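# Structure at a glance
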Amino acid sequence: MAMSVLLVQACGMCFSDKCLRSVITFEAERGYRNALCNNMRFKNFLFPRVSKLCSQSKHKIAEKLLVEADRYDAASVTDRSKLLNKLRKLLHHFPRTYADLQNAQIGIADGQYLIFVGNILSSRGVRAGLSFSYLEIVVEGEVDSESSAEHVFNASGSRSKQKIYVHLKKFFRGTRYTSLPFLISIGSKYKEGDIACVSGKVRTMRKDGHYEMREYNMDVLEDEQDSSARAEGRPFPIYPSRGGLKPNFLKDIIARALKALPSNVDPIPQDVTQDFGLLCLRDAYFGIHLPKNLSEADLARKRLVFDEFFYLQLGRLFQMLEGLGTQVEKDVLLDKYRKPELNAVFTEEWSSLTKQLLKALPYSLTSSQLSAVSEIIWDIKRPLPMNRLLQGDVGCGKTVVAFLACMEVIGAGYQAAFMVPTELLAVQHYNHLLDLLEKMEQVDCKPSIALLTGSTSSKQSRLIREGLQTGEISLVIGTHSLIADKVEFSALRIAVVDEQHRFGVIQRGRFNSKLYYNSISSKTAASNSDGPLNGDVCMAPHVLAMSATPIPRSLALALFGDMSLTQITGLPPGRQPVETYIVEGNERGLERVYQMITDEVEAGGRVYLVYPVIGQSEQLPQLHAASAEFEAMSSRFESYSCGLLHGRMKSNDKDEALRRFRTGETHILLSTQVIEIGVDVPEASMMVVMNAERFGIAQLHQLRGRVGRGARKSKCVLIASTAGSLCRLKVLEKSSDGFYLANMDLLLRGPGDLLGKKQSGHLPEFPIARLEIDGNIIQEAHLAALKVLGMSPDLQKFPDLKAELSMRQPLCLLGD
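Attention here is on the structure that accompanies the text. (Residues numbered from 1 in each chain as written. Predicted model: local features only at pLDDT ≥ 70, side-chain atom pairs only at ≥ 80, totals over all residues. Heavy atoms only, no water.)

## Comments concerning the sheet that holds strand β24 (residues 715-720)
Taking strand neighbours across the sheet as the criterion, the 6 strands line up as β19-β24-β23-β20-β22-β21 in an open arrangement whose pairing is parallel. With one partner strand each, in any of the chains shown, β19 (579-584) and β21 (642-645) form the two edges of the open sheet. For this sheet, the mean angle separating the axes of adjacent strands, direction not counted, is 20°. Pairing of β21 with strand β22 (residues 668-671) involves 4 bridges; the strand directions are parallel. If you follow Gly643 over to β22, its bridge partner there is Leu669. Relative to strand β23 (residues 684-689), helix α24 (residues 697-704) is tilted by about 150°, and along the sheet it contacts β19, β20 (606-610), β23 and β24. (Pairing = 2+ DSSP bridges. Helix = DSSP H or I, 4+ residues; strand = E, 2+ residues; numbered from the N terminus. Axes fitted to C-alpha atoms, helices over the stretch in contact; angles between N-to-C directions. Contact = heavy atoms within 4.5 Å.)

Written as structure tokens, this is what we have:
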């Protein structure tokens, strides 16, 4: 945008205030070039309207850039950063792909995506009917012949070539497009003899060597540099055209901006770039826009992706350090990230209430769980609000970790809130914690806990709200009701958000408005507190978000740039792996599954039968429905009891259906995905999912986690509607590792609409990086940020870097 302002100043032009943003993902099918292009993501920073004066004055613009660049060494740090920002806004208009001007292509298949460079033979507008016309451009060029694959050369020693002709056709419908002036105008748009680069899908024509393109992109190569690049065989950058700015004009301006780029332009210390094997920034810009070969373009892309992630991580860590007062605190925080093993807090340092709950557990915590509790308690004891994501596979024991964190807070005299997405899960957590509290010994006054959901009666809700305001209730478990405006706390210190992906960023942030005050008058706090509460401190509560749908660490670092990350790896002892079967949902496949269900129930097991919808849909008649098939399943398995559970049922009916299944009165439970989260029935030993292709991989893994919790060996059967949908489900058959599946899901589907309102999220846009494939670079950027801050926590040793960070992260408090 700053570069556009420079264009305004040079040309005396007026632009709109709105900046174009476009993301173009180029998909190709062959060769290293196409693999590289598939890694690129593009963003256009230029304004949509440019007058003819801009085209006439492009040399003056470049000259002004050169003049400013000549003064770069003598300029102040701030002025350097501003000049760099002007150049960067233009240089970050990245190529959408690269063309091989030598056309090193062997064999062109029908439907193939082709990038082709050749000479324009003809361009004409053709009237094909009373209201129908088309533009036809014929481009002639050479490609390697089939014999080149056999290393056959001609007499001169060069590769054997064959001529091909590509017919580009664009169609117009309407009587106004059949007039002679219109046909002449479109036919004269391209000149015979011009060199053009075209890309698109080809269709073979009857005549040998002739191909047709109906949807294509075309760029005319004009200047001498294009010709020299063709002779040298260098990759030719193809830029997206936007708002009247033609690709050739953009290419010329970017080339001149590269010349204006100072040599000492890189603000990142040389030690860091060398340690991570990165190009210097100037070489990276040349490599991405004017690469000598595709390997150079790949290295340049890696450096630019690194920069995007590095400044994101550096800004987050810098803000955290700025919130600390002494150098000792800053060193401790940096060591926390550099050396995670130092974060352990011995159980002797925990509150007495936390220790008693730990003793009351009927099992021992795994080393991973203990480590997670230690990290969380380490954060809780700091005078800064914690913002931590606790993630782990299904059944790894995240809930008990959260309970221990809540006890630590309550033991210090404060309150805790535990928010979950469904009422079923809230009731289950409430009953689980009640059982644990009953088993606690040597506690004079046990914490008071409450359950608050949408179905809680008005009278009971009022009493709970009053108890939270006075501090008589130490812990409340509930659904979205907890973030209602009328729910107020006396001393809220920690908010746990279970299955955080079910809540938006704004919903999770609602807890920040419920500040805690250390003026609690609860009897429980007075008896259990390990020390007096002094002062009038107030701050936002600690937030512990939990997710049983693992997010790859690479994406988590970018997605939760302001959150610390804790992972629980492995499963508690005794958990058996679940055997997974993928079955096509034809008549033969269904009969096989029904027989498996019969065998399982006869052997004493219990079965979940999960459906994608509750009732039959006219729009999607192929989907199995829970309510519609309840009678049919009851008849088929008449010797056993079948139950029904779905989201439209009343709360009491849902509790009763789940109770009957848990006690064994119901053998087969027909349900929707309402059981996906948190439902714990150890006796359930088989999961069957109808129309499994309608569910995401992470969702299916969650459903599979509902079985395998008891002593019986369990199985999961995924029924696909068609043979074509079997392939995606095979990944679940091969692995039961949630972290591996999350990475695979990310690769298959991409990161999704990360910037959209659908997720209520606020993320930076990445012009060139792709989260699903650049995870290793995020890790490197995180380590590099730690190294820089370890050398200079306030960045005073690196003034250029600090100025650059302030330009890229304007919301950071970076000082002058």
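Read on for the rest.
## Here we look at the side chain of Thr178
Within the secondary structure layout, Thr178 lies in the loop between β4 (161-173) and α6 (180-187). The exposure class assigned to Thr178 is buried, which follows from its relative accessible area of 9%. A polar contact of 2.7 Å, which involves the side chain of Thr178, links it to the backbone oxygen of Thr175. The residues touching Thr178, leaving out its near neighbours within four places in the chain, are Arg127, Gly129, Leu130, Ser131, Phe132, Ser133 and Leu183. (Buried < 20%, exposed > 50% of the residue type's maximum accessible area, 1.4 Å probe, protein only. Polar contact = N/O pair within 3.5 Å; in protein donor to acceptor, adjacent residues only side chain to side chain.)

## Re the pattern of salt bridges
Taken as a whole, this structure holds 22 salt bridges when the rule is applied. Of the charged contacts, one joins Arg301 and Asp774 as a salt bridge, the two residues approaching to 3.0 Å between their closest N and O atoms. In this pair, Arg301 sits in helix α11 (residues 294-322) while Asp774 sits in the loop between α26 (738-749) and α27 (775-791), placing the two residues 473 residues apart along the sequence. Here Arg301 matches Asp774 in class, with each residue buried. One salt bridge connects Lys713 with Glu579, and the closest N-O pair in it is separated by 3.8 Å. Taken together, the positions of Lys713 in the loop between α24 and β24 and Glu579 in strand β19 put the pair 134 residues apart, joining distant regions of the chain. Taking relative accessible area as the criterion, Lys713 reaches 45% and is therefore assigned partly exposed. Taking relative accessible area as the criterion, Glu579 reaches 34% and is therefore assigned partly exposed. (Salt bridge = Lys/Arg side-chain N within 4 Å of Asp/Glu carboxyl O.)

## As for the sheet that holds strand β17 (residues 542-547)
With respect to topology, 7 strands assemble into an open sheet ordered β12-β13-β11-β14-β17-β10-β18, the strand pairing being parallel. Edge positions in the sheet fall to β12 (449-452) and β18 (564-568), since each of these pairs with one other strand and no more. Shown here is a sheet whose adjacent strand axes are inclined to one another by a mean of 20°, direction ignored. Pairing of strand β10 (residues 387-392) with β17, which is carried by 5 bridges, proceeds in the parallel orientation. By the bridge assignment for β17, Leu389 is matched with Ala545. The strands that helix α14 (residues 367-380) touches are β10, β14 (492-497), β17 and β18; relative to β18, the one it contacts most, it runs at about 160°.

Any functional reading would require information that these geometric values do not contain.
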